[in-house]
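Residue-level listing of the chains:
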Amino acid sequence: MRTASWPAGETALGTFVKLPTPEVIEVLALTGLDFLVIDNEHAAINPQTVSTMIGVARACGIAPFVRVPGHEPRDVQVFLDAGAAAWCFRTWTTPGRPGTRSRPAASRPWAHAA
């Protein structure tokens, strides 16, 4: 995956994917992006398709991130098991629960999306 430059402080370029088809991952791979965020919160993509999209992204050398639909372990684990490089949480809207910052599973990075 194209993550070697990230520790050096270089800018990584990515985009959100909301189309539920693995073929769009292959097309985006040709653009030279470093990562993709597969949006499982706002897009109608089932977990099986997300798993396939993660595999295609890895095969194409792009880091697959997944924007998860909730904050529970069950919302994250299935995508980590499928090989997601990181995940993005939405911002909490419940009183007393500010913007999300959660401990990553194992050594995988995490992201925060508004």
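Please refer to the structure placed before this passage.
Residues numbered from 1 in each chain as written. Predicted model: local features only at pLDDT ≥ 70, side-chain atom pairs only at ≥ 80, totals over all residues. Heavy atoms only, no water.

1. Comments concerning the overall build of the chain
Cut-off, in case you're wondering: Runs of E in the DSSP output that reach at least two residues are strands. Runs of H or I that reach at least four are helices, and both are numbered from the N terminus. Note on contacts: a residue pair qualifies if any of its non-hydrogen atoms lie within 4.5 Å across the two residues. Computed with a 1.4 Å probe, the accessible areas rest on the Shrake-Rupley method; for each residue, only the protein chains presented here act as cover.
Broken down by element type, the chain carries 3 helices and 5 strands. Listing the helices and strands of the chain from first to last along the sequence gives β-α-β-α-β-α-β-β. A fraction of 48% describes how many contacts in the chain between residues 6 or more apart in sequence connect residues 24 or more apart. Accessible area for the chain stands at about 6300 Å²; split by element, carbon and sulfur atoms hold 56% of it.

2. Quick look at the packing of helix H1 (residues 22–29) against helix H2 (residues 47–60)
We count it as follows: All axes are obtained by fitting lines to C-alpha atoms, using only the stretch in contact for helices, and the reported angles, taken between N-to-C directions, cover 0 to 180 degrees. By definition in this entry, angles of less than 35 degrees are roughly parallel, angles greater than 145 are roughly antiparallel, angles of 65 to 115 are roughly perpendicular, and the rest are oblique. Each helix crossing is assigned a hand: it is left-handed if the near helix lies turned anticlockwise from the far helix by less than a right angle, otherwise right-handed if that turn is clockwise.
Following both chains from N to C, one finds H1 and H2 inclined at 20 degrees, their axes separated by 9 Å at the closest point. With respect to each other, H1 and H2 are oriented roughly parallel. Along this stretch, H1 crosses H2, giving a crossing that reads as right-handed. Each of Pro-22, Ile-25, Glu-26 and Ala-29 in H1 lies in contact with H2, whose residues at this interface are Thr-52, Met-53, Val-56, Ala-57 and Cys-60.

3. Brief notes about H1
This is how it is decided: Buried residues are those whose accessible area, probed at 1.4 Å on protein chains only, stays under 20% of the maximum for their type, while exposed residues exceed 50% and partly exposed ones sit between those limits. Working definition: the arc comes from the directions between the helix axis and the C-beta atoms, pointing outward to the latter.
Regarding H1, the residues found buried are Pro-22, Val-24, Ile-25, Leu-28 and Ala-29. Around the axis of H1, the buried residues are gathered within 155 degrees of arc, so they sit on the same side. Lining the buried residues of H1 we find strand E1 (14–17), strand E2 (35–39) and H2.

4. A closer look at helix H3 (residues 73–82)
Every buried residue belonging to H3 is among Asp-75, Val-76, Phe-79 and Leu-80, and all of these are buried. Angular distribution of buried residues about the axis of H3 spans 110 degrees; they occupy a single face of the element. Among the exposed residues of H3, those pointing more than 90 degrees away from its buried face are Pro-73, Arg-74 and Asp-81. Of the surrounding secondary structure, the elements contacted by the buried residues of H3 are H2, strand E3 (63–67) and strand E4 (86–89). Among the residues trailing H3, Gly-83 stands out with phi positive, at a value near 110 degrees.

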